[in-house]
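Structural description and commentary
Single-letter residue listing:
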Amino acid sequence: MSTATLSPAAPKADTPIPLRAHLRHTGALIRRNLLWIRQDPESMFDAILFPVVFTLLFVYVFGGSIGKSLGGGQEQYVQYVVPGLLAMMGMNMAQGVGTGFNQDFNSGVMDRFRSLPIGRGSVLFAKIAVELMRMLFATAVLLVVALLVGYDVGSWSGLLGSVALSALFGSALMWVFLTLGVVMKNAQSVQAMGFLVLMPLQFGSSIFAPTQSMPGWLQAFTDYNPLSALADCARGLMEGGPVAHALWVTVIWSVGLTVVMAPVAIHKFRTKS
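Attention in this report is confined to the structure presented alongside it.

**A few points about the overall build of the protein chain**
A count of helices and strands for the protein chain gives 11 helices and 0 strands. Secondary structure elements of the protein chain occur, N-terminal to C-terminal, as α-α-α-α-α-α-α-α-α-α-α. A globule of 273 residues ought to have a C-alpha radius of gyration of about 19 Å, and the protein chain, at 20 Å, matches this closely. Projected onto its principal axes, the C-alpha positions of the protein chain cover 65 × 35 × 35 Å. Across the 273 residues in the protein chain, those meeting the buried criterion constitute 51%. Contacts in the protein chain between residues at least 24 apart in sequence constitute 77% of all its contacts with a sequence separation of at least 6.

Have a look at this one:
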């Protein structure tokens, strides 16, 4: 992609760039990232395989035993776990954006972008936009698999609301992983850090199983875990039930992470040597 493609008559990189130019630059970079996925379709394997593997694994391995604790069987567990998995989509896609960002730095692509007279935030916003598209694709795959294993959608409007909420929280987490992608030395380090952060959040939540049988100290952790709030809100929206508290907790976490981490990620990107 040439400099002319992004801005035919752009000002110097350190001068303020108008909003319209920012949007044009972001659009050009989104197109560049989508073309890269088209040239490297293997980069979509995680978006395809993750929802398939997780859905089949938890439904057919743990569905019977956990379903009994819910007062039913495997069918009951399908209704419980699918909204939780949907809530987890944005979080798992967020790790990929940090890894890809780091690889772009190590390959020299980001050095080229930073030499161009474009808005520094445009590079990061384009990354997040494309990752959200991948998240929506993974969500569609998840829903297809869920319907095949017997999931019954209670509310289609609630489903759309749950997808939007997952995208909101996922985009907030992406700012965290974009920061890690800048400050960590290699993609393996980003993956390792993501694993250490995401695994406790995933399994110390109500995504896969109710929290009532967990030890008291772990229940205290799940009470403050934003993934529990997101999963509970998704279940309330899709299956019926209270959603107000879980909704506000999720929104507050999402807005808070974005407000704190977005300026940090942009600053680290601008100043990385």
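**So, a nonpolar patch on the surface**
Judged by side-chain polarity, Phe 45, Ile 48, Leu 49, Val 53, Leu 57, Val 61, Phe 62 and Phe 137 come together as a nonpolar surface patch covering roughly 690 Å² of accessible area. Relative to the helices and strands, Phe 45 is located in helix 3 (residues 45-69). Taking relative accessible area as the criterion, Phe 45 reaches 45% and is therefore assigned partly exposed.

**As for the packing of helix 4 (residues 74-107) against helix 7 (residues 156-183)**
Between helix 4 and helix 7, whose axes approach to 7 Å, the crossing angle comes to 30 degrees. Taken together, the axes of helix 4 and helix 7 lie roughly parallel to each other. The handedness of the crossing between helix 4 and helix 7 comes out as right-handed. Contacts between helix 4 and helix 7 pair Leu 86, Ala 87, Met 89, Gly 90, Met 91, Ala 94, Gln 95, Val 97, Gly 98, Phe 101, Asn 102 and Phe 105 from the former with Leu 159, Ser 162, Val 163, Ser 166, Gly 170, Leu 173, Met 174, Phe 177, Leu 178, Gly 181 and Val 182 from the latter. Of the residues in the contact of helix 4 with helix 7, the class split is 15 nonpolar, 8 polar and no charged.

**Quick notes on the nonpolar core**
The nonpolar side chains of soluble globular proteins are, as a tendency, buried together. Counting 76 residues, the largest nonpolar core has Phe 101, Val 123 and Phe 208 as its most contacted members. Discounting residues that sit within four places of it in the chain, Phe 208 has contacts with Phe 54, Phe 58, Ile 66, Tyr 77, Tyr 80, Val 81, Leu 85, Met 88, Gln 202 and Phe 203.

**As for the layout of surface pockets**
Of the voids in this model, the largest pocket is the one considered here, and its volume is about 790 Å³. Listed by contribution, the elements that provide at least two residues to the lining of the largest pocket are helix 2 (19-39), helix 3, helix 4, helix 6 (120-148) and helix 8 (187-203). Top contributing element to the lining of the largest pocket by residue count: helix 4, with 10 residues. Contributing to the lining of the second largest pocket are 14 residues, with Thr 222, Asp 223, Ser 228, Ala 229 and Asp 232 lying nearest its centre. Of all the elements in the fold, those that place two or more residues in the lining of the second largest pocket are helix 9 (216-224), helix 10 (226-239) and helix 11 (244-271). Looking at the lining of the second largest pocket residue by residue, the classes come out as 5 nonpolar, 7 polar and 2 charged.

**A short note on the pattern of salt bridges**
Taken as a whole and assessed by the stated rule, the structure comprises 2 salt bridges. Put simply, Glu 131 and Arg 134 hold a salt bridge, and the shortest N to O gap is 2.8 Å. Within this pair, Glu 131 and its partner Arg 134 are both found in helix 6, separated by 3 residues, close to a single helical turn. Judged by its relative accessible area of 7%, Arg 134 falls in the buried class. Between Arg 235 and Asp 232 there is a salt bridge whose closest N-O contact spans 3.3 Å. Note that Arg 235 and Asp 232 are positioned in helix 10 at a spacing of 3 residues, about one turn of the helix.

About the criteria used
Residues numbered from 1 in each chain as written. Predicted model: local features only at pLDDT ≥ 70, side-chain atom pairs only at ≥ 80, totals over all residues. Heavy atoms only, no water. Helix = DSSP H or I, 4+ residues; strand = E, 2+ residues; numbered from the N terminus. Rg over C-alpha atoms; globule rule 2.2 N^0.38 Å. Buried < 20%, exposed > 50% of the residue type's maximum accessible area, 1.4 Å probe, protein only. Contact = heavy atoms within 4.5 Å. Patch = residues over 30% accessible without salt bridge, like charges linked within 9 Å, V, L, I, M, F, W, Y side chains within 5 Å. Areas by Shrake-Rupley, 256 points an atom, 1.4 Å probe, with all protein chains shown as cover. Salt bridge = Lys/Arg side-chain N within 4 Å of Asp/Glu carboxyl O. Axes fitted to C-alpha atoms, helices over the stretch in contact; angles between N-to-C directions. Parallel < 35°, antiparallel > 145°, perpendicular 65-115°, else oblique. Left-handed = near helix turned anticlockwise from the far one by under 90°. Nonpolar A, V, L, I, M, F, W, Y, C, P; charged D, E, K, R; others polar. Core = buried A, V, L, I, M, F, W, Y, C linked by side-chain atoms within 4.5 Å. 1 Å grid on protein atoms, 1.4 Å probe; cavity = no way out; pocket = protein on both sides within 12 Å on 5 of 7 lines; lining within 4 Å. Points joined across faces, edges and corners; volume = space filled by probe spheres on them.

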